[in-house]
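Fold and contact review
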Amino acid sequence: MGKVISIANQKGGVGKTTTAINLAAALSEAGEKILLIDFDPQGNATEGFGVEQDDSKYTVYNAMVGDCPLEEVIIEGIMENLDLVPADMDLAATEAEFVGVDKKNYVLRNITKPFVDKYEYIIIDCPPSLGTITVNALTASDLVMIPIQCEYYALEGLKQILETIEIVKSNLNPDLKLDGILFTMYDGRNRLSQEVVKTVKSNFDGYIYNTLIPRNVRLAEAPSHGVPITIYESSSTGADSYRRLAAEFIKNNL
Ligand SMILES: Nc1ncnc2c1ncn2[C@@H]1O[C@H](COP(=O)(O)OP(=O)(O)OP(=O)(O)O)[C@@H](O)[C@H]1O
Ligand SMILES: [Mg+2]
């Protein structure tokens, strides 16, 4: 059985998409078969793989509302061992359209279920909110990874996402597990970065990945070239850190 993992944090710009793209790429490079689901109306993970937004093409939204099966939306072989489900602005409409819909929080779970056996990992890139979209992602997942930026307000955001995980566990998906908290954009020369890591470690001992993702300009540049860091600059510290995260993630989930 494959595992489904959400990359989630309602705080914007903390490195969710960068992590979803580059973890997916590093895992597939290591030989794991991966499905990456872009589940954010911003479509950043879609763009990050150089897929043009095109109104005539179906996206995850169409599979969510039953226009077509998920299979028709999957772009196979975006890289070796890596398939992609694209998203665009349309997905934003589900927040309103699903109000009052029976089992609205189980829609993603139901449409991904037939694919769980076809992949080692299904990775879901969540939007910066805790609405219906993120709740659907958490309900469909076995694991959650929470990227946090090493800055002062990181802890506040963390409390909210952890509460949401507890609510989803109690009401919708008892098997959901926090896999870990990931520090992103870490700068070892910055005292604040060091302080944030220390504080979070003392509060969430046992739930922090050993791998830290450093601030690395190559990671920020890669999406505009439509490729993950492992291809854009394979020997960069950014690529190296996501390969280490992939190895740690695999080991955690053996
Ligand atoms: N380790 C890093 N080093 C340098 N820049 C980074 C790093 N991680 C992310 N960035 C940059 O920070 C910005 C935000 O990252 P990203 O888009 O991954 O965050 P996000 O949490 O997905 O944002 P959103 O909440 O809008 O979906 C982007 O411009 C990205 O290129
Ligand atoms: Mg994002």
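Bear in mind the structure is a predicted one, so any value in this text is a computation, not a measurement. (Residues numbered from 1 in each chain as written. Chains lettered and ligands numbered in written order. Predicted model: local features only at pLDDT ≥ 70, side-chain atom pairs only at ≥ 80, totals over all residues. Heavy atoms only, no water.)

1. As for the site of ligand 1
Heads up, the condition is: Proximity is defined per residue: if any heavy atom of the residue lies within 4 Å of a molecule or strand, that residue is considered near it. Each polar contact in these results corresponds to two N or O atoms within 3.5 Å; when the atoms are within protein, one needs to be able to donate a hydrogen and the other to accept it, and residues that are neighboring in sequence are counted only if both atoms are side-chain atoms. Areas reported here follow the Shrake-Rupley algorithm with a probe of radius 1.4 Å; residue values treat only the protein chains shown as occluding. A run of H or I in DSSP counts as a helix once it spans at least four residues, and a run of E counts as a strand once it spans at least two, with each numbered from the N terminus. Classification used: nonpolar for Ala, Val, Leu, Ile, Met, Phe, Trp, Tyr, Cys and Pro, charged for Asp, Glu, Lys and Arg, polar for all others including Gly.
Around ligand 1, a shell composed of 18 residues is seen, among which K16, T17, T18, P214 and N216 lie nearest. One of the backbone nitrogen or oxygen atoms of V14 is found 3.0 Å away from an oxygen atom of ligand 1. Within the contact set of ligand 1, an oxygen atom lies 2.8 Å away from a side-chain nitrogen or oxygen of K16. In isolation ligand 1 offers 620 Å² of accessible surface; the protein chains occlude 80% of this area. Of all elements in the fold, only α1 (16-29) and α9 (217-221) reach the threshold of two or more residues within the shell around ligand 1. Ranked by residues supplied to the shell around ligand 1, first place goes to α1 with three residues. When grouped by side-chain class, the residues that make up the shell around ligand 1 number seven nonpolar, seven polar and four charged.

2. Structural notes on the packing of helix α6 (residues 132-139) against helix α7 (residues 154-171)
Spelled out, the test is: Lines are fitted to the C-alpha atoms to define the axes, a helix being fitted only along its stretch in contact, and any angle between axes, read from their N-to-C directions, falls within 0 to 180 degrees. Angle categories are assigned with fixed cut-offs, so that under 35 degrees is roughly parallel, over 145 is roughly antiparallel, 65 to 115 is roughly perpendicular, and the rest are oblique. Should the near helix be turned anticlockwise from the far one by less than a right angle, the crossing is left-handed, and should it be turned clockwise, the crossing is right-handed. Any two residues whose heavy atoms approach within 4.5 Å at even a single point are treated as in contact.
Running from N to C, α6 and α7 point in directions that differ by 60°, and their axes come no closer than 10 Å. Considered as vectors, α6 and α7 are oriented oblique to each other. At the point where α6 passes α7, the crossing takes the right-handed sense. Contacts between α6 and α7 pair V135, L138 and T139 from the former with T164, I165 and V168 from the latter.

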